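# What the coordinates show
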Amino acid sequence: LTMKKSSVKEFENKRWREGSQAFVFRHQKALEMVEKRQNVLDIACGDGLLLSALSQKGVRVSGVDISEEGVKKCREKGLNASVVDVATENLPFQDGAFDTVIMLDVLEHVYTPEALLREAVRVSKKYIIISVPNFNSLPARLQVLRGDVPENNRPNKGHVYWFNYSVLRKMTEDGGLSLVEVRMNTFWQNHFFIGTISKFMTKIWPSLFALSFVVKLEKLKLAR
């Protein structure tokens with residue numbers, strides 16, 4: 001038998017060849033966090049869903065992605081995107097080239113997220129927006145108790161690094177960033193009674209009750 005060759009690039013190409021993104025919580029919050037008329041880089045832009053939304057808002061956008069299939073879809077939409085393997089290559093931009101750099105559900109896909117974060121900080125003039133799923137959420141813990149593999153740990157996700165709120169905050173603080181804004185979603189949040197309780201508990205115990213985190217950060221030398 002011959003082992004089938006596998007790589008992150010092939011994984012991502014298959015993803016964008018066979019499907020497309022849905023506009024979900026992380027996209028909406030990132031869109032709200034970006035100011036109009038900014039120059040923005042979306043790292044791991046995929047098929048350009050967020051780039052398109054930002055462009056419609058009046059933002060100048062650029063994107064990079066490891067997937068040729070994703071970049072092809074971006075260019076078909078008239079978006080500026082290029083193929084870059086951010087896990088192994090430096091970003092092909094000058095220091096401070098963008099007002100804001102966005103990385104939505106990216107850091108958990110690379111073995112050395114600290115190195116990628118440094119590159120994002122380097123090319124950012126002021127802001128970084130990051131989202132990561134919470135690997136320690138209550139649903140994930142209950143799945144473990146049932147003897148199941150939690151959703152975020154399954155092979156089809158391509159995750160290689162685990163985040164919770166504490167890990168994210170320490171990594172970004174060590175990376176020279178200060179927190180400007182944080183948004184979290186939780187389970188059952190659309191149900192009035194139990195959703196109100198869940199959202200309240202998320203503020204108290206984010207690493208248990210949040211499903212994901214979207215944070216806007218500022219480079220410390222520019223922090224107010």
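First things first, this report covers the structure right here in the doc. (Residues numbered from 1 in each chain as written. Predicted model: local features only at pLDDT ≥ 70, side-chain atom pairs only at ≥ 80, totals over all residues. Heavy atoms only, no water.)

### Observations regarding the packing of aromatic side chains
One pair of aromatic rings is described through two measures. These are the centre distance and the angle between the planes. This is how it is decided: In summary, the pairing rule links any two rings of Phe, Tyr or Trp, Trp by its six-membered ring, whose centres are within 6.5 Å, and it sorts them by plane angle into stacked for under 30 degrees, edge-to-face for over 60 and tilted for everything else.
All chains considered together, the criterion is met by 6 aromatic pairs. By way of ring pairs, the aromatic residues F187, W205 and F209 are connected into one cluster.

### Observations concerning the state of the cysteines
We apply this condition: Here, a disulfide means two cysteine sulfur atoms that sit within 2.5 Å of each other. Exposure categories follow from relative accessible area, calculated using a 1.4 Å probe and restricted to protein chains: below 20% of the type maximum is buried, above 50% is exposed, and the middle band is partly exposed.
Inspection of the entire model under this criterion finds 0 disulfides. Left without a disulfide partner, C45 is nearest to the cysteine sulfur of C74, which lies 3.9 Å away. When its relative accessible area of 2% is taken as the criterion, C45 is described as buried. For C74, a relative accessible area of 0% gives the class buried.

### Considerations on the environment of A44
Selection rule: Strands here mean DSSP runs of E at least two residues long; helices mean DSSP runs of H or I at least four residues long; both are numbered from the N terminus. Residues count as neighbours in contact if any of their non-hydrogen atoms are within 4.5 Å of one another.
With respect to the helices and strands, A44 occurs in the loop between β1 (39–43) and α3 (49–56). Contact partners of A44, with chain neighbours within four places excluded, come to V64, D65 and V106.

### Focus: the pairing of strand β7 (residues 210–219)
Successive residues of a regular strand alternate their side chains across the two faces of the sheet. The cut-off we apply is this: Whether two strands pair comes down to DSSP finding at least two bridges between them.
Counted residue by residue, β7 has 9 buried out of 10 residues, so it is predominantly covered. Here strand β5 (residues 124–133) runs beside β7; their pairing, made up of 7 bridges, is antiparallel. Each residue of the ladder has a partner; that of Y127, found in β7, is E218. Note that strand β6 (residues 177–186) and β7 share 9 bridges and pair antiparallel. Its bridge partner lying in β7, L179 is registered against L217.

### Some remarks on the pattern of salt bridges
What counts here: In what follows, salt bridge is the name for a side-chain nitrogen of Lys or Arg lying within 4 Å of a carboxyl oxygen of Asp or Glu.
The final tally for this structure, using the stated rule, is 14 salt bridges. Close ionic contact of E119 with R122 constitutes a salt bridge, the shortest N to O distance being 2.8 Å. Placement of both E119 and R122 in helix α5 (residues 113–123) is noted, with a separation of 3 residues, approximately one turn of the helix. Take E119: its relative accessible area is 13%, and that puts it in the buried class. Given the relative accessible area of 24%, R122 is considered partly exposed.

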